[in-house]
Structures are given as structure tokens and as C-alpha cells.
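Structural description and commentary
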Amino acid sequence: AGGGSAGGHLAACTPFISEFDEPGDDKSVSAVPNALVLFNPALVLAPIEGFDAKGFGVRVPEERMGTKPENLSPAHHITKNGPPTIIFHGREDTTVPYTSEEAFTAKMKSLSNRCDLHGFEGQKHGFFNGDKFKAKTLAEADQFLVSLGWLKPVK
């Protein structure tokens, strides 16, 4: 699964948060992705070790979300055997702080999950949409999938 910004948040929820699944869903077919390719995703929506979430209560209030922010925060639900993950994130992102990605990555690794964080100096939210970074991030995503054996290397 993959996505950018809010789409990255949704993709990152799929392997870890099942509390909001529909009761009638066919559970014989897994909705858990085999890998995550994320572009500046919102991964930490409440305080967590390694990230100062000061101000997040204002930006992601319970009233707006319909539940406590930690219930929708992928970082708060990481489990062992999570899918291999690659994250592309601008280090100057003021919408989704880079430090939140570092906290998510640290928690993933503490549970022996693969999580590759690629920070881009001087870049803000959505930087990967520009021509300068589109080819680079997609090539790195391809290499990630090659490393998992899901794409064949280009010769």
C-alpha cells in the first residue's frame, strides 16, 4: 500500500489498525499490505516517545476525528512483523514534522520491522511531486521493492 500525506496515513493504518473495520467484512481475504511506500505521511497523531507532539491536540482534535487521536495513529499500533516500509519525507516539512517520522521509524525498528526513512534536506510537505524529486523517489521505491523480491532489477 502506498500514498502521500493523508493517503500515506491511510496506507499506514491498514497493517496496524483494525478497530474501524466493518463487522461484515470478509476476513478470509487479508487487507494487510505486504509493504508500505509512504510519502510525507502522518504517522504520529498523539504524544509518543521520541516525538514532541506539542500542538497536535489542536491540529488533530478528538472532536474532529470522532475518536482519540492515538486510536488513528499508526505509530501507536505498531506490532512485530509489520510490513517492510519505506518513507520519503522533507526535513523542513511543517505540516508533518520530520521528527514524527523518526519516532515512527525507531518504534518500527525496536520491534525488528524494516523501516527505511529517506529525509530530503530543505524540502517541505509534498516535495516529491516536483520534477526534481519525482524520478529519484520513485527509483528508490523501485529499489526497495527489488530488495523485497517483488520487482526484478533493471539490467
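All residue numbers refer to position in the chain's written sequence, counted from 1. For a predicted model such as this one, the threshold for reporting local features is a pLDDT of at least 70, and the threshold for listing and counting side-chain atom pairs is 80 or more; totals across whole chains, interfaces and linings nevertheless cover every residue. To get the side-chain values, all heavy atoms of the structure are used, and hydrogens and water are removed first.

Some points on the overall build of the chain
What counts as a helix is a DSSP run of H or I of at least four residues, what counts as a strand is a run of E of at least two, and both are numbered from the N terminus. For the chain, the helix and strand inventory stands at five helices and four strands. Element order for the chain, N to C, with α for helix and β for strand: β-α-β-α-α-β-α-β-α. Two things to know: the radius of gyration comes from C-alpha atoms, and the globule rule equals 2.2 Å times the number of residues to the power 0.38. Relative to its length of 155 residues, the chain is compact, with a C-alpha radius of gyration of 16 Å against a globular reference of 15 Å. Projected onto its principal axes, the C-alpha positions of the chain cover 50 × 45 × 25 Å. A contact between two residues is defined here by any heavy atoms of the two lying within 4.5 Å. Partitioning the intrachain contacts of the chain with sequence separation of at least 6 by distance along the chain shows that 75% fall at a separation of at least 24. Using a 1.4 Å probe, the Shrake-Rupley method yields the accessible areas, and only the shown protein chains count as cover for residues. When the accessible surface of the chain is split by element, carbon and sulfur atoms take 54% of a total near 8,700 Å².

Points about the sheet that holds strand E3 (residues 85-90)
Taken in spatial order, the four strands make up an open sheet running E1-E2-E3-E4, and their pairing is parallel. Because the sheet does not close on itself, it has two edges, and the strands there are strand E1 (2-4) and strand E4 (115-120). Averaged over neighbouring strand pairs, the angle between their axes works out to 10° when direction is ignored. Relative to the sheet, helix H4 (residues 98-110) contacts E3 and E4, its axis offset from that of E4 by approximately 160°. A pair of strands is labelled paired if DSSP reports no fewer than 2 bridges between them. Inter-axis angles, ranging from 0 to 180 degrees, are taken between N-to-C directions of lines fitted to C-alpha atoms, where helices are fitted over the stretch in contact.

So, the nonpolar core
Leu38, Leu43, Val44 and Phe104 are the most contacted members of the largest nonpolar core, which has 18 residues in total. Mapped onto this core, the elements with two or more residues apiece are helix H1 (6-13), strand E2 (36-39) and H4. With residues near it in sequence (within four places) discarded, Phe104 still touches Phe16, Leu43, Val44, Pro74, Ala75, Ile78, Ile87 and Cys115. Within this scheme, the nonpolar core is defined by two criteria: the residues are buried Ala, Val, Leu, Ile, Met, Phe, Trp, Tyr or Cys, and they are joined through side-chain atoms within 4.5 Å. Burial classes: relative accessible area under 20% of the type maximum marks a residue as buried, over 50% as exposed, and values in between as partly exposed (1.4 Å probe, protein chains only). The next biggest cluster of nonpolar side chains, apart from the first, holds 12 residues, and it includes Ala35, Ala141, Phe144 and Leu145.

Section: unusual backbone geometry
Phi at Ser5 is positive, roughly 60°, even though this residue is not glycine. Position of Ser5 relative to the elements: it lies in the loop between E1 and H1. Here Ser112, not a glycine, exhibits a phi torsion of approximately 65°, which is positive. Locating Ser112 in the fold gives a position in the loop between H4 and E4.

Overview of the confidence of the model for the chain
Per-residue confidence from the predictor is given as pLDDT, running between 0 and 100. Averaged over every residue, the pLDDT of the chain is 91; the share at 70 or more is 95%. Confidence, expressed as mean pLDDT per element, reaches its minimum in the chain at helix H2 (residues 56-59) with 58 and its maximum at E2 with 98.

Side note on the pairing of E4
In terms of strand pairing, E3 meets E4 through six bridges, oriented parallel. Opposite Ile86, over in E4, you have Asp116 as the bridge partner. Here, the term right-handed applies to a crossover whose path from the first strand over the helix to the second runs clockwise when the strands point away from the viewer. In this view, the connection linking E3 to its parallel neighbour E4 by way of H4 has right-handed handedness.

So, the packing of aromatic side chains
Note on aromatic pairs: the rings of Phe, Tyr and Trp (six-membered ring only in Trp) are paired at centre separations within 6.5 Å, and the planes decide the class, stacked below 30 degrees, edge-to-face beyond 60, tilted for the rest. Here the structure, examined in full by the defined rule, presents seven aromatic pairs. Residues Phe39 and Phe88 carry aromatic rings whose centres are separated by 5.1 Å and whose planes lie at 20° to one another, so their mutual orientation is stacked. You can see Phe39 sitting in strand E2 and its partner Phe88 sitting in strand E3, a full 49 residues away along the chain. Assigned by exposure class, Phe39 and Phe88 land together as buried. Seen in terms of ring centroids, Phe39 and Phe128 are 4.7 Å apart; in terms of plane orientation they differ by 40°. Their pairing is tilted. One end of the pair, Phe39, is in strand E2; the other, Phe128, is in the loop between E4 and helix H5 (131-147), with 89 residues separating them in the sequence. Side by side, Phe39 and Phe128 carry an identical accessibility label, which is buried. Three or more aromatic residues joined by ring pairs form one cluster here, namely Phe39, Phe88, Phe120, Phe127, Phe128 and Phe133.

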